[in-house]
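Listed below, chain by chain, are the residues.
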Amino acid sequence: MKLYSTNLQAPEVSFETALIAGQAPDKGLYLPRSLPPLSEADLVSLKNKTYPEVAFHVLSKVLEGEIDEPSLKAITFDAYNYDVPLEKLNDNTYIMRLDRGPTASFKDFAARLMARLMQYYLKKENKQITILTATSGDTGSAVAHAFYGLDNVKVIVLFPEKEVSDRQRKQMTTLQKNITAIAIDGKFDDCQAMVKKAFSDEELKSLNLSSANSINIGRLIPQSLYYIYAYTRLCSYPEEIIFSIPSGNFGNMMGCVLAKTMGLPVKKIIASVNENDEVPSFLSSGEYQKIVPSLNCLSNAMNVGHPSNLARLIAIYGGQMDEQGNINKIPDMEKLRNDIYSSSVTDEETKSTMREILEEYSILIEPHGAVGIKGLTDYRNKTQDNTLAVTLETAHPAKFPGEVRKVTGIDPEPPRSLKEIEEKEEQMDFLDTEYVKFKEYLLAKIR
Ligand SMILES: *Cc1c(COP(=O)(O)O)cnc(C)c1O
């Protein structure tokens, strides 16, 4: 597999290099030059396979020659040891629950596989790295859990002491072993600034700091697998399917684009967004305008005014967008509009959808999943297209207990993974926002 940068100013690299580096040196995002086709025989043979079996089959094609098969198989089965339920809403609509991983959001799918692939390459080269990450809550816990217990990686998570919920904090502070949580007496932006400064600090070069952030190609490829899995559960080739994806940085949706590129018969990809409507506006007008600052909506993991994966989408459709969001080459807008429908959902619509789904189907969903369902409804109302559709529930309702309670009156029961941490002992270090002290801390901690 050869990967190129969306900024087109960096050399092509191997999968291993792209995975460990994250971002390309020209600040672009890595994309595979080509992907292997998924044939009818592949899709038919996967029909009765389990999730890890489907994932391994597809990954062994995509990563052929990049990693030996027994290792890839072990990694895949170790990463995907939880359920992926498809819940029927009605004859042509299913909800795929991506909330059964250890941190109860779909980010577990990407983080767990990426972590294990990184560990594989680091071990082979006898290298150690330290993942340094700042979090406002959810990403930090998914990353920390994903790397937990792996030998060649240490993780240091900085979080704003007063801005995370008890549950979010406990997901980071109860792990221990190779995971260190630091409560910062400051805001998320302070944590982010300290981490950025450490990355560019020459005196910390010997510490092998890495970021594992959301633009890593190692997080995108795993996000194509559940679309293929859902298709093989519900469809017979060459039947078509629709996916509705609650989107913020558009990493999840790019996973679906990759699956479609490989040949999965996806009729329409619905990118459902909250009131941050820069993408639906771009699709309808052809003009791209970031939303700065992004709007605060109920589905808060999707409050993004300039999605980091947009440059990848534009590249796949023949255009070029730089890291600032300037479009230097216009993509094939007609093809883009044909493949992707994007709908903006207001907070009021999000709430009424949560209530409707509860009343009509007795199913409790959280705000992000509700945006996905409403986006699908919008598409169906507009097109009368009744093709079978799968809409994604990207987190467990118990991750957003306050919002869910307020809208539906129901206290969501936390899954076992979230409940277990309630009793575990917490351990964390405390720092203020002074960089010099943070630097001394890192030097002492990592040596
Ligand atoms: C991160 C997140 C999203 C948005 O996913 P993107 O890949 O950034 O589009 C949606 N829902 C939940 C619960 C999330 O945590």
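Residues numbered from 1 in each chain as written. Predicted model: local features only at pLDDT ≥ 70, side-chain atom pairs only at ≥ 80, totals over all residues. Heavy atoms only, no water.

Caption draft 1: How the structure looks around helix H10 (residues 225-234). Taken across its ten residues, H10 has eight buried, putting it largely inside the fold. Residues of H10 that are buried include every one of Leu225, Tyr226, Tyr227, Ile228, Tyr229, Ala230, Tyr231 and Thr232, and no others. (Buried < 20%, exposed > 50% of the residue type's maximum accessible area, 1.4 Å probe, protein only. Helix = DSSP H or I, 4+ residues; strand = E, 2+ residues; numbered from the N terminus.)

Caption draft 2: Seen up close, the nonpolar core. Counting 103 residues, the largest nonpolar core has Phe147, Ile228, Phe243, Met253 and Ile340 as the members making the most contacts within it. For this core, the element with the most residues is helix H5 (residues 107-124), which contributes ten residues. Apart from residues lying up to four places away in sequence, Phe147 is in contact with Met114, Ala115, Met118, Ile131, Val153, Val155, Asn178, Ile179 and Ala212. Residues Ile156, Ile184, Leu431 and Tyr435 belong to the second largest nonpolar core, which totals 19 residues. (Core = buried A, V, L, I, M, F, W, Y, C linked by side-chain atoms within 4.5 Å. Contact = heavy atoms within 4.5 Å.)

Caption draft 3: Representation of the pairing of strand S10 (residues 266-273). Here S10 lies mainly inside the structure; seven of its eight residues are buried. Strand direction decides the pairing type here: strand S9 (residues 241-246) and S10, joined by six bridges, are parallel. In the strand pairing of S10, Pro246 is matched with Ser272. The handedness of the S9 to S10 crossover, carried by helix H11 (residues 251-262), is right-handed. (Pairing = 2+ DSSP bridges. Right-handed = clockwise from strand over helix to strand, strands pointing away.)

Caption draft 4: Geometry of the site of the ligand. Surrounding the ligand, one finds 14 residues, the nearest of these being Lys107, Gly248, Asn249, Phe250 and Thr394. Take Lys107: an N or O atom from its side chain is 2.5 Å from an oxygen atom of the ligand. Take Gly248: an N or O atom from its main chain is 2.7 Å from an oxygen atom of the ligand. Taken by itself the ligand offers 380 Å² of open surface, and the protein chains cover 95% of this. Considering only residue class, the shell around the ligand consists of six nonpolar, seven polar and one charged. (Near = heavy atom within 4 Å. Polar contact = N/O pair within 3.5 Å; in protein donor to acceptor, adjacent residues only side chain to side chain. Areas by Shrake-Rupley, 256 points an atom, 1.4 Å probe, with all protein chains shown as cover. Nonpolar A, V, L, I, M, F, W, Y, C, P; charged D, E, K, R; others polar.)

Caption draft 5: Focus on the packing of aromatic side chains. Applying the stated criterion to the full structure yields 14 aromatic pairs. Note on Tyr341 and Tyr379: the rings are 5.2 Å apart at their centroids and 65° apart in plane angle, and the pair reads as edge-to-face. Taken together, the positions of Tyr341 in strand S13 (residues 340-344) and Tyr379 in helix H16 (residues 367-383) put the pair 38 residues apart, joining distant regions of the chain. Relative accessible area serves as the criterion here: at 17%, Tyr341 is assigned to the buried category. Of the residues examined, Tyr379 reaches a relative accessible area of 3% and is grouped as buried. Counting every residue linked through ring pairs, the aromatic cluster contains Tyr51, Tyr80, Tyr82, Phe109, Tyr226, Tyr227, Tyr229 and Phe243. (Phe/Tyr/Trp six-rings, centres within 6.5 Å; stacked < 30°, edge-to-face > 60°.)

Caption draft 6: Broad picture of the pairing of strand S3 (residues 86-90). Here S3 runs beside strand S4 (residues 93-97); their pairing, made up of four bridges, is antiparallel. The partner of Asn90 across the bridge, within S4, is Thr93. The hairpin turn running from S3 into S4, its antiparallel successor, is two residues long.

Caption draft 7: Spatial organisation of unusual backbone geometry. With an omega dihedral of 5°, the bond running from Tyr237 to Pro238 counts as a cis peptide bond. Within the fold, Pro238 resides in the loop between H10 and S9. Following Val292, the chain continues to Pro293 via a peptide bond in cis, the omega torsion being -10°. Its place among the elements puts Pro293 in the loop between helix H12 (278-285) and helix H13 (310-316). Here the phi dihedral of Gln384 falls at roughly 60°; this positive angle occurs in a residue that is not glycine. As for its position among the elements, Gln384 is in the loop between H16 and strand S14 (389-393). The exposure class of Gln384 is exposed, given its relative accessible area of 62%.

Caption draft 8: Here's a closer look at the packing of H10 against H11. Their axes nearest at 8 Å, the elements H10 and H11 cross at an angle of 60°. Taken together, H10 and H11 sit at an angle that is classed as oblique. Here Tyr226, Tyr227 and Ile228 of H10 come into contact with H11, specifically with Asn252, Met253, Gly255, Cys256, Ala259 and Met262. Across the contact of H10 with H11, the residue classes tally to seven nonpolar, two polar and no charged. (Axes fitted to C-alpha atoms, helices over the stretch in contact; angles between N-to-C directions. Parallel < 35°, antiparallel > 145°, perpendicular 65-115°, else oblique.)

Caption draft 9: Highlighting the pattern of salt bridges. Under the criterion given, the structure shown has 26 salt bridges. Close ionic contact of Arg169 with Asp166 constitutes a salt bridge, the shortest N to O distance being 3.2 Å. Here Arg169 pairs with Asp166, and both are found in helix H7 (residues 166-173), just three residues apart, close to one helical turn. Residue Glu349 is joined to Lys374 by a salt bridge in which the shortest nitrogen-to-oxygen separation is 3.5 Å. (Salt bridge = Lys/Arg side-chain N within 4 Å of Asp/Glu carboxyl O.)

Caption draft 10: Quick look at the sheet that holds strand S6 (residues 153-160). Spatially, the five strands line up as an open sheet ordered S8-S5-S6-S7-S15, and their pairing is parallel. A strand with exactly one partner marks an edge of an open sheet, and here the two such strands are strand S8 (209-210) and strand S15 (429-431). As paired elements, strand S5 (residues 129-134) and S6 share six bridges and run parallel to each other. Counterpart to Leu132 in the pairing with S6 is Ile156. Sheet contacts for helix H6 (residues 138-147): S5, S6 and strand S7 (179-184); angle to S6, the most-contacted strand, approximately 160°. Helix-sheet contacts for helix H8 (residues 188-199) involve S5, S6, S7 and S8, and the interaxial angle to S5 is about 150°.

Caption draft 11: Layout of the sheet that holds S3. Overall, mixed pairing links the six strands, which are arranged S3-S4-S14-S9-S10-S13 in an open sheet. Each end of this open sheet is capped by a strand with a single partner; those strands are S3 and S13. The average angle at which neighbouring strand axes cross in this sheet is 25°, direction not considered. Of the pairings in the sheet, the one linking S10 to S13 comprises five bridges and is parallel in character. If you follow Ile269 over to S13, its bridge partner there is Ile340. Packing against the sheet, H11 makes contact with S9, S10, S13 and S14, and its axis sits at approximately 170° to S10. Sheet strands in contact with H16 are S4, S9, S10, S13 and S14, and its direction is about 125° off that of S10.

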